[in-house]
Amino acid sequence: MSKYRFSIDAGIFTGARYIEPEFPTADGKGKVKIPGIFIPTGINGIDIKADTRDEGKRNASGFRAFLTFVHRGLSGKYIQTIRDRLTREGEQITAYNVPAYSVCYTLPEEKRAKIRAVLAKRVIAEHPELANQTDTQGTDLAKAISTLMPFQMGDSYLIEEQNTQQQPRNSSAPVAQGVTGYSTQAPTDYADPFGGEEAPDDLPF
């Protein structure tokens, strides 16, 4: 079975902030700044639930927060851009240094629609000229909303198996070429295909 590695860009989440809040020191006599990433839960469709598992199995944080990601195909144009860059840098193109998939964040449709409705108000407040438009494919309003929503979070690469016969050099078998619709930025139309398993419809903005 093929294995893949990927990294996501947490800075893509809506409203993400890099902050340094102060916390009490272990002895309680002072405070220390601890840097971290703040990601708003409601506007990003993240549900927080208490971790009620038995002691020794539950998270140290006391809560659970699941994020769902899926692999989606890459466009031939994007793949070629990566190949051209590797060639310019003198790197040999292999099945392992060209991305095989795009890593995308997914949400249930009902939750996605609620988030888009909130973001629509924000966009219209900043751009009143879009007030007469609807959040439908092809409108400037829909494009602006999609730009604010997390979707394409990073690239996924095939991992080379060390204990099996290597694939021939320059192989591109795992690379999803010829699939259109990929952009290195957030999607620019309404067809950003958020979707996934059912989840509660509460959205605590």
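Worth saying up front: this structure is predicted, and the values here are computed from it rather than measured.

Asks: Help me understand the overall build of the chain, please; the structure alone is not making it clear to me.
Replies: Secondary structure summary: the chain contains 3 helices and 10 strands in total. Going from N to C terminus, the chain has its helices and strands arranged as β-β-β-β-β-β-β-β-α-β-α-α-β. Residues classed as buried in the chain amount to 32% of the 205 residues present. Counted over contacts in the chain with a minimum sequence separation of 6, partners at least 24 positions apart contribute 72%. Here the chain displays about 12900 Å² of accessible surface, and carbon together with sulfur accounts for 51% of that area.

Asks: Looking at this model, I keep getting lost on the side chain of Asp 47. Mind explaining?
Replies: Checked against the element boundaries, Asp 47 lands in the loop between β5 (36–38) and β6 (49–50). Judged by relative accessible area, Asp 47 falls into the buried class, the value being 17%. Engagement of the side chain of Asp 47 in a polar contact is seen with the side chain of Lys 111, the distance being 2.8 Å.

Asks: Quick question: what am I supposed to make of a nonpolar patch on the surface here?
Replies: Taken together, the side chains of Phe 23, Val 32 and Ile 34 make up a nonpolar region of the molecular surface, amounting to roughly 240 Å² of accessible area. Along the chain, Ile 34 falls in the loop between β4 (31–33) and β5. On the basis of relative accessibility, which here comes to 42%, the residue Ile 34 falls in the partly exposed class.

Cut-offs used in this document
Residues numbered from 1 in each chain as written. Predicted model: local features only at pLDDT ≥ 70, side-chain atom pairs only at ≥ 80, totals over all residues. Heavy atoms only, no water. Helix = DSSP H or I, 4+ residues; strand = E, 2+ residues; numbered from the N terminus. Buried < 20%, exposed > 50% of the residue type's maximum accessible area, 1.4 Å probe, protein only. Contact = heavy atoms within 4.5 Å. Areas by Shrake-Rupley, 256 points an atom, 1.4 Å probe, with all protein chains shown as cover. Polar contact = N/O pair within 3.5 Å; in protein donor to acceptor, adjacent residues only side chain to side chain. Patch = residues over 30% accessible without salt bridge, like charges linked within 9 Å, V, L, I, M, F, W, Y side chains within 5 Å. Salt bridge = Lys/Arg side-chain N within 4 Å of Asp/Glu carboxyl O.

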